[in-house]
2 protein chains.
Amino acid sequence: MSFSIKQKVYQEVIKELQRYIERNNLNPGDKLPSERELSERLNAGRSSVREALRALELIGLVETRHGEGTYLREYRSFQTVELLSSFILRQDNMKDDLTFTKKILEKEAAKLAFARISVSDIQELKAILDVNSSNPLTKHRAFFKYLFEKTENLLLMKIWSLMDEFSHAVCVYHFEESFYNTLLKHYSERDYESIDPLFSGPSEGEQLRGIFSLDCF
Amino acid sequence: MSFSIKQKVYQEVIKELQRYIERNNLNPGDKLPSERELSERLNAGRSSVREALRALELIGLVETRHGEGTYLREYRSFQTVELLSSFILRQDNMKDDLTFTKKILEKEAAKLAFARISVSDIQELKAILDVNSSNPLTKHRAFFKYLFEKTENLLLMKIWSLMDEFSHAVCVYHFEESFYNTLLKHYSERDYESIDPLFSGPSEGEQLRGIFSLDCF
DNA sequence: AGTTATTGGTGGTCTGACCACTATTGAATC
DNA sequence: GATTCAATAGTGGTCAGACCACCAATAACT
């Protein structure tokens, strides 16, 4: 009585690929054998090999270049988290949580960026506010995109952008006009302590009202 | 002149599936159309549809039963984490982002939960600490799971568990022994202001050192 | 009524064909 | 000899069709 569950071919291929990578000590950027070669060497149909490679590609372990080949990739969990999050978002009716969680991320980004914001950055941010003064949405997005980049936490930014995209489909929000300039003021005065309260807003306990403008449809 | 980047068919199929799930409001356990039907409806070859489904299966979003069909699945990381971990080990540039971002979420959860924590909750949390006193990892997970549930922000919790699962495959961390009790002390003394600094730790500016114990492999 | 055989639908796999893209090769040109 | 450009071989991208194995509902039989 063997416990070895009959694996699908594409799963076997993945395992074989792992062994291959291990044996040959492949690093990110290195080339994998071609689909046809793998198909032959592993005694599997090319379609099965492709199923394996596509799956690895989707989760970001492998990069495929048309006409060139398949390459081992510097792993980033972003695509995966992104994809999973999108499914999770659809599965539950958590659209209410969306706006609030997004705001949390924005607050943290604003605080994280604090240490890395220079005088020229503040000028940049002011320029962003000016250019987008007519459209509060693009202003908000551009403003925080800059801050998130300053945090140098790519994962944080990815999650935020994802939420941003989703929130646009559900419910658009932005801060009041004065918010952005107040934040910049805190930056220029090196006043870290005032950032958090700025996001919490004047009305303690209330989560979305006060500093927010909500345009839902 | 269209700017739409030419996507691969299997990626389009995934997107279509997401839309389909959204439209029909499918929940975990519900059945997806058959491969052949999808192939027909989306004007794609069956092999392309399979590439999409296999990829979704690999990351655990979808479950396939031979002879029955393909079903939407309650997300579980299972194989994904195991698979990714073996790939990730050499590449640790994402490790910092993940751990750090996860910590941010935990901090926010601790603060959000503050308003909703009752005396009995504190007892519950103490019990959790006692029961898991031997294993710092399960203790950390159980402790914060409770807090995240208290926030009643399902999205925040989902994202956190996602990261938690991923982070376990990469690098395990937990707080120092004293951390949990200190947090509970703040709760019982209704001392909201001290929560944030507790997470920031004694060494200002340093992100991961100090209050953390990092067991990487 | 209960059991068994049939059948239709499903995923699992392979093959072969064709297209599109890339990089290399090699010939024609300067 | 160096440069340019066209042919070519190798690669991934996609599709269609053919089987097989498996499952469940149905029909036929006892």
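These numbers were taken from a predicted model, which means no experiment stands behind them.

K.L.:
Looking at this structure, how should I read the protein's contact with DNA strand C?
P.N.:
The environment of DNA strand C is made up of 25 residues, and the closest members are Lys8(A), Val9(A), Ser48(A), Glu35(B) and Arg46(B). Here Lys8(A) contributes a side-chain N or O atom positioned 2.7 Å from a phosphate oxygen of DNA strand C. Residue His66(B) places a side-chain N or O atom 3.3 Å away from a base nitrogen belonging to DNA strand C. Looking at the surface near DNA strand C, the elements that each hand over two or more residues are helix H3 (46–58) of chain A together with helix H2 (35–41), helix H3 (46–58), strand S1 (62–65) and strand S2 (69–72) of chain B. Looking at the surface near DNA strand C residue by residue, the class counts come to two nonpolar, 12 polar and 11 charged.

K.L.:
Please clarify how the packing of H3(A) against H3(B) should be interpreted in this entry.
P.N.:
Helix packing for two helices is described by the angle between their axes and how far apart those axes are. At a minimum axis distance of 8 Å, the contact between H3(A) and H3(B) shows a crossing angle of 55°. In terms of their interaxial angle, H3(A) and H3(B) are classed as oblique. As for how H3(A) packs across H3(B), the hand of that crossing is right-handed. On H3(B), the residues touching Arg50(A), Glu51(A), Arg54(A), Ala55(A), Leu56(A) and Leu58(A) of H3(A) are Arg50(B), Glu51(B), Arg54(B), Ala55(B), Leu56(B) and Leu58(B). Partitioning the contact of H3(A) with H3(B) into residue classes produces six nonpolar, no polar and six charged.

K.L.:
Sorry, what's going on with the nonpolar core here?
P.N.:
Across soluble globular proteins, nonpolar side chains show a tendency to be buried alongside one another. Phe144(A), Leu147(A), Tyr187(A), Leu56(B), Phe144(B), Leu147(B) and Tyr187(B) are the most contacted members of the largest nonpolar core, which totals 118 residues. Residues within four places of Tyr187(B) in sequence aside, it is in contact with Ala110(B), Ala113(B), Phe114(B), Ile117(B), Ile122(B), Leu147(B) and Ile195(B).

K.L.:
Would you mind going over the interface of chain A and chain B with me for this structure?
P.N.:
Many structure descriptions define interface size as the accessible area lost when the parts assemble. On the chain B side, the residues contacting the 61 residues of chain A number 53 residues. Between chain A and chain B, a total of about 5,300 Å² is buried, with carbon and sulfur atoms accounting for 63% of that surface. Taken together, the links from chain A to chain B amount to eight salt bridges. Put simply, Lys8(B) and Glu57(A) hold a salt bridge, and the shortest N to O gap is 2.5 Å. Between chain A and chain B we count 15 residue pairs in polar contact (both at pLDDT 80 or more) in total. Listed by contribution, the elements that provide at least two residues to the side of chain A that touches chain B are helix H1 (9–23), H3, helix H4 (78–91), helix H5 (95–114) and helix H8 (154–170) of chain A. Broken down by element, the residue count for the side of chain A that touches chain B peaks at 12 residues, all from H4(A). Taken together, the residues of the side of chain A that touches chain B sort by class into 30 nonpolar, 12 polar and 19 charged.

K.L.:
Is there a simple way to explain the protein's contact with DNA strand D in this structure?
P.N.:
Taken together, 25 residues are adjacent to DNA strand D, and Glu35(A), Arg46(A), Lys8(B), Val9(B) and Ser48(B) come closest. Take Arg36(A): an N or O atom from its side chain is 2.9 Å from a base nitrogen of DNA strand D. One nitrogen or oxygen atom from the side chain of His66(A) is found 3.3 Å from a base nitrogen belonging to DNA strand D. Those elements that place two or more of their residues in the surface near DNA strand D are helix H2 (35–41), H3, strand S1 (62–65) and strand S2 (69–72) of chain A together with H3 of chain B. Of the residues that constitute the surface near DNA strand D, the class distribution is two nonpolar, 12 polar and 11 charged.

K.L.:
Looking at this structure, I do not really get the pattern of salt bridges. What am I missing?
P.N.:
A side chain with one charge can pair with a side chain of the opposite charge if their charged atoms come near. All told, the structure shown has 40 salt bridges over all chains when counted by the stated rule. Here Lys139(A) ties to Glu177(A) by a salt bridge, and the two come within 3.1 Å at their closest N and O atoms. Separated by 38 residues along the polypeptide, Lys139(A) in helix H7 (residues 136–151) and Glu177(A) in helix H9 (residues 177–188) bring together distant segments of the chain. Since its relative accessible area comes to 3%, Lys139(A) is described here as buried. The closest approach of N and O atoms between Glu149(A) and Lys145(A), which form a salt bridge, is 2.7 Å. One end of the pair is Glu149(A) and the other is Lys145(A), both in helix H7 and four residues apart, which spans about a single turn. Overlapping salt bridges bring together Lys107(A), Glu108(A), Lys111(A), Asp196(A), Lys107(B), Glu108(B), Lys111(B) and Asp196(B) as one network.

Definitions and cut-offs
Residues numbered from 1 in each chain as written. Chains lettered and ligands numbered in written order. Predicted model: local features only at pLDDT ≥ 70, side-chain atom pairs only at ≥ 80, totals over all residues. Heavy atoms only, no water. Near = heavy atom within 4 Å. Polar contact = N/O pair within 3.5 Å; in protein donor to acceptor, adjacent residues only side chain to side chain. Helix = DSSP H or I, 4+ residues; strand = E, 2+ residues; numbered from the N terminus. Nonpolar A, V, L, I, M, F, W, Y, C, P; charged D, E, K, R; others polar. Axes fitted to C-alpha atoms, helices over the stretch in contact; angles between N-to-C directions. Parallel < 35°, antiparallel > 145°, perpendicular 65-115°, else oblique. Left-handed = near helix turned anticlockwise from the far one by under 90°. Contact = heavy atoms within 4.5 Å. Core = buried A, V, L, I, M, F, W, Y, C linked by side-chain atoms within 4.5 Å. Buried < 20%, exposed > 50% of the residue type's maximum accessible area, 1.4 Å probe, protein only. Buried area = accessible area lost by both parts, 1.4 Å probe. Salt bridge = Lys/Arg side-chain N within 4 Å of Asp/Glu carboxyl O.

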